[in-house]
Amino acid sequence: MMNKNNALETFSPLFEPKTIAVVGASARSFALPNTFMKRIRDLGYKGDIYPIHPSAAEIDGLTAYKSLADTPKPIDYAYIAVAGGLIPAMLETAKGRLRFAHVISSGFGEVDEGRDLQEKLVAAAHAGGLRLIGPNCMGLFSPRGSVTFAEVGQRDVGTVGVISQSGGLGTDIIRRGFARGVKFSGVVTVGTPVASFVRDGLCAAAVGLREGMTPGLVARGLEAADGLHGRVVAGGVPGDVGEGHALAVDRFLVGSGRVGPVELGAELVVDPETRVGI
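Calculation rules
Residues numbered from 1 in each chain as written. Predicted model: local features only at pLDDT ≥ 70, side-chain atom pairs only at ≥ 80, totals over all residues. Heavy atoms only, no water. Salt bridge = Lys/Arg side-chain N within 4 Å of Asp/Glu carboxyl O. Helix = DSSP H or I, 4+ residues; strand = E, 2+ residues; numbered from the N terminus. Buried < 20%, exposed > 50% of the residue type's maximum accessible area, 1.4 Å probe, protein only. Pairing = 2+ DSSP bridges. Axes fitted to C-alpha atoms, helices over the stretch in contact; angles between N-to-C directions. Contact = heavy atoms within 4.5 Å. Phe/Tyr/Trp six-rings, centres within 6.5 Å; stacked < 30°, edge-to-face > 60°. Core = buried A, V, L, I, M, F, W, Y, C linked by side-chain atoms within 4.5 Å.

## Considerations on the pattern of salt bridges
Point 1. Counting across every chain of the model gives six salt bridges.
Point 2. K73 is the salt-bridge partner of D48, the closest N and O atoms lying 2.9 Å from each other. Placement of D48 in strand β2 (residues 48-52) and of K73 in the loop between β4 (62-63) and β5 (75-80) is noted, with a sequence separation of 25 residues between them.
Point 3. By relative accessible area, D48 is classed as partly exposed at 26%.
Point 4. With its nearest N and O atoms 2.3 Å apart, the salt bridge here joins R175 to D172. Here R175 and its partner D172 are both found in helix α5 (residues 167-180), three residues apart, which amounts to about one turn of the helix.

## A word on the sheet that holds strand β1 (residues 19-23)
Point 1. Pairing is parallel across the open sheet formed by five strands, whose spatial order is β2-β1-β5-β6-β7. The open sheet is flanked by β2 and β7 (131-133), the only strands paired with a single partner. Across this sheet, the average inter-strand angle for adjacent strands is 20°, counted without regard to direction.
Point 2. Two elements, β5 and strand β6 (residues 98-103), share five bridges in a ladder whose sense is parallel. Residue pairing across strands places Y77 opposite F100, the latter belonging to β6.
Point 3. Taken strand by strand, helix α2 (residues 32-43) contacts β1, β2 and β5, and its axis lies near 155° from that of β1.

## Looking at the packing of aromatic side chains
Point 1. One pass over the full model with this rule turns up four aromatic pairs.
Point 2. Measuring from ring centre to ring centre gives 6.4 Å for F36 and Y77, while their planes differ by 50°; the resulting arrangement is tilted. Note that F36 is positioned in helix α2 and Y77 in strand β5, a separation of 41 residues in sequence. The pair F36 / Y77 is uniform in exposure class, with both members buried.
Point 3. Seen in terms of ring centroids, F36 and Y79 are 4.1 Å apart; in terms of plane orientation they differ by 5°. Their pairing is stacked.

## As for the environment of T159
Point 1. Along the chain, T159 falls in the loop between β8 (140-141) and β9 (160-164).
Point 2. A sequence separation of 25 residues divides T159 from F184, and the C-alpha atoms of the two residues are 5.6 Å apart.

## A short note on the environment of S29
Point 1. Along the chain, the position of S29 falls in the loop between β1 and α2.
Point 2. C-alpha separation for the pair S29 and I59, spaced 30 residues apart in sequence, amounts to 10.0 Å.

## A few points about the nonpolar core
Point 1. Among the nonpolar cores identified, the biggest contains 26 residues, and L14, I20, V22, F36, Y77 and V147 are the most heavily contacted of them.
Point 2. Looking at this core, the elements with two or more residues in it are α1 (4-15), β1, α2 and β5.
Point 3. Not counting residues up to four positions away in its chain, the partners in contact with F36 are I20, V22, Y77, Y79, V147, T148 and F149.

Shown next as C-alpha cells:
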C-alpha cells in the first residue's frame with residue numbers, strides 16, 4: 001500500500017512539474033498542443049517548456065528540440081499528441097530522462113486494430129523508465145503546478161482530486177466545479193488506461209468509472225487510496241455502471257447505485273450535478 005509520503009515523492013513531478021515537454025505542437029498552425037502550451041502559460045506556469053519537433057527551431061517563442069532525449073534538462077511531464085505509431089519509439093529514446101508521459105493520442109487499445117500498438121506503447125514506457133498515463137485522453141489539471149488542459153479552472157489549490165476515464169467528463173467536472181467555487185487539487189484524465197493510476201495522496205479523490213476502467217485497475221487505485229487522508233468517491237456515469245453493468249472489484253462492488261462492502265470508505269456518485277458537490 002502506498003502511504004502519503006511515498007505518494008508525494010512519486011507524483012510530485014506530475015502535479016508540480018519543473019519541466020514540461022510538449023510533443024505535437026505546430027510551427028505553422030495552432031494545434032491542440034499549442035493550445036496546451038498557451039493555457040499553462042496563461043495559468044502562470046514558471047518552469048521550462050520544451051516543444052518537441054523534428055525540424056522547427058522555435059515554436060510559439062520557445063526553443064524547440066528534436067526529441068525527448070535532446071532537452072537541456074530531464075523532463076518531469078510530457079504532453080504527447082501525435083500519430084500513435086510514432087510514440088513507442090519516441091518513449092524508448094527517453095532512457096530515464098522522462099518521469100510521466102501523458103499520451104493524448106488515440107488509436108490504441110480502444111480499437112481492435114490498435115491493441116498491438118498499445119502493447120508496444122507499454123513496452124516502450126518500460127524501456128524508457130517512465131510512468132504512462134493514457135492513451136486516448138485529454139490531459140492534466142493541477143493548480144499547484146500551474147498545469148491545465150482545460151480552458152477554465154481555479155488557481156488556488158483545493159482538496160478535491162479527480163481521476164476520470166473520460167476527458168469530456170473531466171472537463172465538465174472542472175467547468176461545473178469552477179462555476180460553483182469548488183477548488184481542486186488535481187484532475188487527471190486517463191483515457192484507455194494501460195496501468196493503474198493513484199491520486200496524489202493529499203486530498204479527497206473521485207474516480208470516473210467508464211469504459212476501459214477494468215475492475216482490476218479500479219481496485220488497485222482504491223486500494224492505494226485506502227488509509228490516506230480524505231474521502232474516496234467512486235463516480236459512475238449513468239448507463240456505464242447502472243443496473244446490469246456492475247463491476248465486481250475485489251473487496252467492493254460498484255453498480256446499481258451501491259458500493260459495498262465499505263472497508264475503503266467509498267461511495268457511488270452517479271448524478272453529474274452531485275459529482276461537483278463532493
